Amino acid sequence: MKTLYDVQQLLKNFGIYVYVGKRLWDIEVMALELDHLHQARVVDDKIFVSAKLVLTHEHRLEEQRAKFKHQSIGGI
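What comes next concerns the included structure. The model shown is predicted, which means the values in this text are computed figures rather than measured ones. (Residues numbered from 1 in each chain as written. Predicted model: local features only at pLDDT ≥ 70, side-chain atom pairs only at ≥ 80, totals over all residues. Heavy atoms only, no water.)

## Considering the overall build of the protein
- Counting secondary structure elements, the protein contains three helices and zero strands.
- Each helix and strand of the protein, placed in order from N terminus to C terminus, yields the pattern α-α-α.
- Counting all 76 residues of the protein, 30% fall into the buried class.
- Intrachain contacts of the protein at a sequence separation of at least 6 include 52% that bridge at least 24 residues.
- Of the accessible surface of the protein, which amounts to about 5700 Å², a share of 57% is contributed by carbon and sulfur atoms.
- Looking at charge distribution, the protein has the averaged site of its 11 positive side-chain charges lying 5 Å from that of its 10 negative ones. (Helix = DSSP H or I, 4+ residues; strand = E, 2+ residues; numbered from the N terminus. Buried < 20%, exposed > 50% of the residue type's maximum accessible area, 1.4 Å probe, protein only. Contact = heavy atoms within 4.5 Å. Areas by Shrake-Rupley, 256 points an atom, 1.4 Å probe, with all protein chains shown as cover. Lys, Arg positive; Asp, Glu negative; His and termini not counted. Charge placed at Lys NZ, Arg CZ, Asp CG, Glu CD.)

Written as structure tokens, this is what we have:
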């Protein structure tokens, strides 16, 4: 599992489609859904950890983009 798309496809296999409207929020909801699947023991530890790493990475990138966008707007 390497991309956010891979995580989306994993969730899709369980009938879970996430679209909140803001990418950061989508990533957070996907993480919650993944936690629930892991707690229900339908996703094994290896897949869970891999997907969580992808979500954590993407979440961090989105926060950096938002921070950069906010700084560039404030600097004008």
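## A word on the side chain of D26
- For D26, the location among the structural elements is in helix α2 (residues 23-39).
- For the buried D26, no salt bridge exists, and the shortest N-O distance to an oppositely charged side chain is 7.1 Å, to R23. (Salt bridge = Lys/Arg side-chain N within 4 Å of Asp/Glu carboxyl O.)

## Overview of helix α1 (residues 4-13)
- Taken residue by residue, α1 has L4, V7, L10 and L11 as its buried positions. Axial view of α1: buried residues confined to an arc of 115°, hence all on one face. Residues Y5 and N13 are exposed on α1 and point more than 90 degrees away from its buried face. (Arc of directions from axis to C-beta.)

## Focus on α2
- With 17 residues, α2 extends 24 Å from end C-alpha to end C-alpha; this agrees with the ideal 24 Å at 1.5 Å per step.
- Within the sequence span of α2, burial applies to L24, D26, I27, M30, A31, L34, L37 and H38. Projected onto a plane normal to the axis of α2, the buried residues spread over an arc of 155° and lie on a single side. (Expected span 1.5 Å × (residues − 1).)

## Let's talk about the nonpolar core
- Of all hydrophobic cores here, the largest spans 16 residues; its most connected members are V7, L11, M30, L34 and L55.
- When contributions to this core are tallied by element, the ones reaching two or more residues are α1, α2 and α3 (45-74).
- For this core, the element with the highest residue contribution is α2, accounting for five residues.
- With near-sequence residues (within four places) excluded, L55 lies in contact with L4, V7, I27, M30, A31 and L34. (Core = buried A, V, L, I, M, F, W, Y, C linked by side-chain atoms within 4.5 Å.)

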